[in-house]
Amino acid sequence: MKAALVGTDGTLLHEARRATGRKRGADAVVETILAFAADLRAHGEEHFGESAVAAGVAVPGIVDAEKGIAVYAANLGWRDVPMRALLGQRLGGIPVALGHDVRTGGLAEGRIGAGRGADRFLFVPLGTGIAGAIGIAGRIEAGAHGYAGEIGHIVVRPEGPDCGCGQRGCLETLASASAVTRAWAAASGDPEADAADCAKAVESGDPAAIAVWQDAVDALAAGLVTALTLLDPSTLIIGGGLAEAGETLFTPLRAAVEERVTFQKLPHIVPAALGDTAGCLGAGLLAWDLLSTEVSA
């Protein structure tokens, strides 16, 4: 887990990390979050002379932000956790905002990161899976049911690999960091090889690595063009582990997207700027938004 004290302008004042401890069960994870938040608040009081005035928390899985409930997270094993209420109690009653991890990271990238100044953007982190955050006029669109932006489950190859969602050939089964890791481990014969190793092999001119990489890039471009057709963003922000390959990813990706568009306008395709601090900063922005909403109300 990552946590931070965030200033009014989005400045990262203090950052801390702590093990999630998910092996101890869902209840233990929740207690770890609450204790972490309380410790962070105490740090602020000790080192900045004042207490945090609001809190924001970003969690994975299905989130009901309006009710403040972490509905479901497969990796953490929880269901229907009243996160906002629990944090509010632990933190002395200050306002608490709850958000989805990817959408929260997208909020930060849009306002203070790679999408700064873009009225419409799409943030796509390529990690264990692939998700997306749709930015519109400084806000993130969650959708009617909180599922907007699930670009990883666009089917790009109907006869492709089975996906955990029940479909076949979803984008994340072909172009996530996990997918590249699996494909390169098989192609290289090294079960320990991962996506970063594949990127290095591409840079050294290994033809097998280039084939694996290009296959992932082609699938990614197909999914992104579908998203561009629907959303027409001005900026497309690519983050996550795979984006750390830099131009080894971005040069062929830009070319593959350009090759596929017909009437669509090409967006600026840029790397994420905030790295793994995006979630912390975004949670802080959610908290500040909560206060500004209360003031305006």
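Residues numbered from 1 in each chain as written. Predicted model: local features only at pLDDT ≥ 70, side-chain atom pairs only at ≥ 80, totals over all residues. Heavy atoms only, no water.

1. Some details on the layout of surface pockets
Over the atoms a probe the size of a water molecule is rolled, and this reveals where empty space is left. Under the convention used in this document: A 1.4 Å probe that fits into a set of points on a 1 Å grid over the protein atoms alone but cannot get out defines a cavity; an open set with protein on both sides within 12 Å along at least five of seven lines defines a pocket, and lining residues are those with an atom within 4 Å of a point. Grid points are joined across faces, edges and corners, and a volume is the space filled by probe spheres set on the points. Helix numbers and strand numbers start at the N terminus; a helix is a DSSP run of H or I with at least 4 residues, a strand a run of E with at least 2.
Its volume calculated, the second largest pocket comes out at about 690 Å³. What lines the second largest pocket is a set of 25 residues, among which Ala65, Glu66, Leu98, Ala142 and Leu286 lie closest to the centre. Going through the elements one at a time, β4 (62-64), β7 (96-100), α3 (101-112), β10 (139-141) and α9 (278-296) are the ones with two or more residues in the lining of the second largest pocket. Among the elements that line the lining of the second largest pocket, the one with the most residues is β7, at five residues.

2. Observations concerning the confidence of the model for the chain
Heads up, the condition is: Every residue carries a pLDDT, the predictor's confidence in it, which falls somewhere between 0 and 100.
Residue-level pLDDT values for the chain average 92, and 98% of them are 70 or greater. Averaged pLDDT values over the elements of the chain bottom out at 83 in α9 and peak at 98 in helix α8 (residues 247-260).

3. With respect to the packing of helix α6 (residues 195-203) against helix α7 (residues 207-231)
Selection criterion: Only the stretch in contact is used when fitting a helix axis, every axis being a line fitted to C-alpha atoms; angles between N-to-C directions are given from 0 to 180 degrees. Comment on the angle field: the value is read as roughly parallel under 35 degrees, roughly antiparallel over 145, roughly perpendicular from 65 to 115, and oblique elsewhere. Definitions for this section: a left-handed crossing has its near helix turned counterclockwise from the far helix by less than a right angle. A right-handed crossing has that turn clockwise. Here, residues are in contact when the closest pair of their heavy atoms is within 4.5 Å. As a working rule, the residues Ala, Val, Leu, Ile, Met, Phe, Trp, Tyr, Cys and Pro are called nonpolar, Asp, Glu, Lys and Arg charged, and the rest polar, with Gly in that last group.
It is at 8 Å that the axes of α6 and α7 come closest, and there the two elements cross at 120°. The angle between α6 and α7 falls in the class oblique. Considering only the axes of α6 and α7, their crossing is left-handed. Contacts between α6 and α7 involve Ala195, Cys198, Ala199, Ala201 and Val202 from the first element and Ala209, Ile210, Val212 and Trp213 from the second. The class makeup of the residues in the contact of α6 with α7 is nine nonpolar, no polar and no charged.

4. Quick look at empty space enclosed by the protein
Tallied over the full model, the rule gives one cavity of 30 Å³ or more. Size it by volume and the largest cavity reaches roughly 30 Å³. Along its surface, the largest cavity is lined by Ala175, Trp213, Ala216, Val217, Leu220, Leu242 and Leu249. A total of four residues in the lining of the largest cavity trace back to one element, the largest contributor, which is α7. Of the residues assigned to the lining of the largest cavity, the class counts are seven nonpolar, no polar and no charged.

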